[in-house]
Amino acid sequence: MIEVPEYSVPLARPKLGSAGKTGFWRTSRPVIDYQKCTKCRLCVIYCVENTIDLMPDMYPRIDYDYCKGCGVCSNVCPHEAITMEPEVK
Amino acid sequence: MQKARKVLALVGNHAVAYAVKQAKPQVLAVFPITPQTTMLEKLAEYIAEGELKAELVKIESEHSAMATIFGAAVAGARVFTATSSQGLLYMTEMIYWVGGARVPLVAAVATRAIAAPWSILDDHHDFVSKRDAIWIQMMAENVQDAYDLTLMAFRISEYPNLLLPVMMGFDGFILTHTMERLEVLNDEEVDEFLPPRKFNLIDFEDPVSIGQVADSSEYIKYRYSAMKAMENAKSVIEEVSKEYSKLVGRNVPGLVEDFMCDDADYAIVAMGAWSGDVREAVRRLRGEGIKSCLLKVKTFRPFPKELIRKYLSEKKAVLVMDRAYSYGLGGVLASEVKSAMYGLQVPVYNFVAGLGGQDVRPTVIVDMAKKLHEGTLQEEVWLV
């Protein structure tokens, strides 16, 4: 274990959401239509923020606490199963 | 009591290289630049002859030299680099990285004027330009001082939880290329004074990244802690100075050194090699009945403002010798001294000279001090 006094050497450890809950940056929300989803996992691979996980049944699930709504998943989905819906109506 | 010591005659660059060899660094990365080059050559020679077991990285620039030892220092190695003038400027970005990351390491700076106009000769502009980089900055008066401060620099830098890099400045050519008598320690004594380095940020059980972003609420906390560390460094330097003095059997002050200040009416404040000329000037002035003294600033950062106040508060007037100038304000050292003496009713005069290797002799300093005594000295005087 590396021990240095607090706020001396600026160092970072791997951690969930070190920049806080960035989900509130989102202006539009990706919504998965599980009727159309084929579990191809392209959205999981392409998510730039690593906020899409696989559930035990292998369907993807978006973590809206950290999803910034960039829309990459919606773009790469070959079955148009992910639609971007405005956060503010 | 004075112990019998091994005595050598070395030029400043070789004296620093000798101290570095005894400190046993594992990684060196040095780019040659006048007037530091002969130090690099000596270190390369020590490695070639097997006297120093270290990796000497033949690097393509000063920027990369500092980056290399930064990485090696993070990974637990004792490291060293040296540069000068334009090289120090080129290294600047990495100097701030190292200071901000609070990584203990040591760099020597053979001070030299900055272009333009081009000059390879001595002044302090390069050295003082790094005053805000979170580095401890110490400056030597002579070759013995350069040797002592290099060893002390490693000890101070690696002092438990201080976490600050140290820059050891010594005047280009005046010290780097001048052969002087010096007393050196035995290798075993240095081993005891500099135990194996403990700082190491590589732990595979606890991986960390260095150089990450800090958001606006965090950034200032690091800088606040750096401010505290620099203040704390003053007592660490004093402690290491006491420890070193005891080891060598000589008095080796850490922050400031006073010469005849007890009963003096006038004080001359100086930093670096020309402190020796001021000593001689003080002797001559005292011969003529003018009670003057030298206050030598050995540590420039953290600036020993408390000691400056202590030594100068009762003086009739103070003359500050400056080999570096902040254009549009005043002499760099004079500004710092004035700031340290804020509120005291002691006039501070500024003598700016020695830029670009200009020769300044004790007679010149004596003349200035006499004018100070007569009350005819202007507040700021340039030797032109």
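Residues numbered from 1 in each chain as written. Chains lettered and ligands numbered in written order. Predicted model: local features only at pLDDT ≥ 70, side-chain atom pairs only at ≥ 80, totals over all residues.

Draft legend 1. Region of interest: the interface of chain A and chain B. On the side of chain B, 17 residues touch chain A, which itself brings 11 residues to the contact. Grouping the constituent residues of the side of chain A that touches chain B by class yields nine nonpolar, one polar and one charged. Across two bridges, the pairing between strand 1 (residues 11–12) of chain A and strand 9 (residues 209–210) of chain B is antiparallel. Across the sheet, the residue bridging to Ala12(A) is Ser209(B), located in strand 9 of chain B. (Contact = placed C-beta atoms within 7 Å. Nonpolar A, V, L, I, M, F, W, Y, C, P; charged D, E, K, R; others polar. Pairing = 2+ DSSP bridges. Helix = DSSP H or I, 4+ residues; strand = E, 2+ residues; numbered from the N terminus.)

Draft legend 2. Highlighting the sheet that holds strand 2 (residues 27–29) of chain B. All names here are of chain B. What the seven strands build is an open sheet, ordered 3-2-4-5-7-6-13; its pairing is mixed. Of all strands in the sheet, those with a lone pairing partner are strand 3 (55–57) and strand 13 (299–301), marking the two edges. The mean inter-strand angle of the sheet, taken between neighbouring strand axes irrespective of direction, is 20°. The pairing of strand 6 (residues 136–139) with strand 13 spans two bridges and is classified as antiparallel. Bridge pairing in strand 13 links Met138 to Thr299. (Axes fitted to C-alpha atoms, helices over the stretch in contact; angles between N-to-C directions.)

Draft legend 3. Seen up close, the nonpolar core. Residues and elements named next belong to chain B. Judged by nonpolar contacts, the single largest core of 128 residues is most densely connected at Ile268 and Val269. The biggest single contributor to this core is helix 7 (residues 143–157), with nine residues. When residues of this core are assigned to domains, at least three fall in each of domain 1 (6–248) and domain 2 (256–382). Apart from the residues within four sequence positions on either side, Ile268 is in contact with Val278, Val282, Ser292, Leu294, Leu319, Met321, Ile365 and Ala369. (Core = buried A, V, L, I, M, F, W, Y, C linked by C-beta atoms within 7 Å. Buried ≥ 20, exposed ≤ 12 C-beta atoms within 10 Å, placed from the backbone. Domains from an automatic or database assignment.)

Draft legend 4. Fine view of the domain arrangement of chain B. All names here are of chain B. Along its sequence, chain B is organised into domain 1 (6–248) and domain 2 (256–382). Centre-to-centre, using C-alpha coordinates, domain 1 lies 27 Å away from domain 2. On the domain 2 side, the residues contacting the 26 residues of domain 1 number 19 residues. At the level of elements, helix 6 (125–128), strand 6, strand 7 (166–171) and helix 9 (216–248) are the ones that each hand at least two residues to the side of domain 1 that touches domain 2. For the side of domain 1 that touches domain 2, the element with the highest residue contribution is helix 9, accounting for five residues. The residue makeup of the side of domain 1 that touches domain 2, split by class, is 12 nonpolar, seven polar and seven charged.

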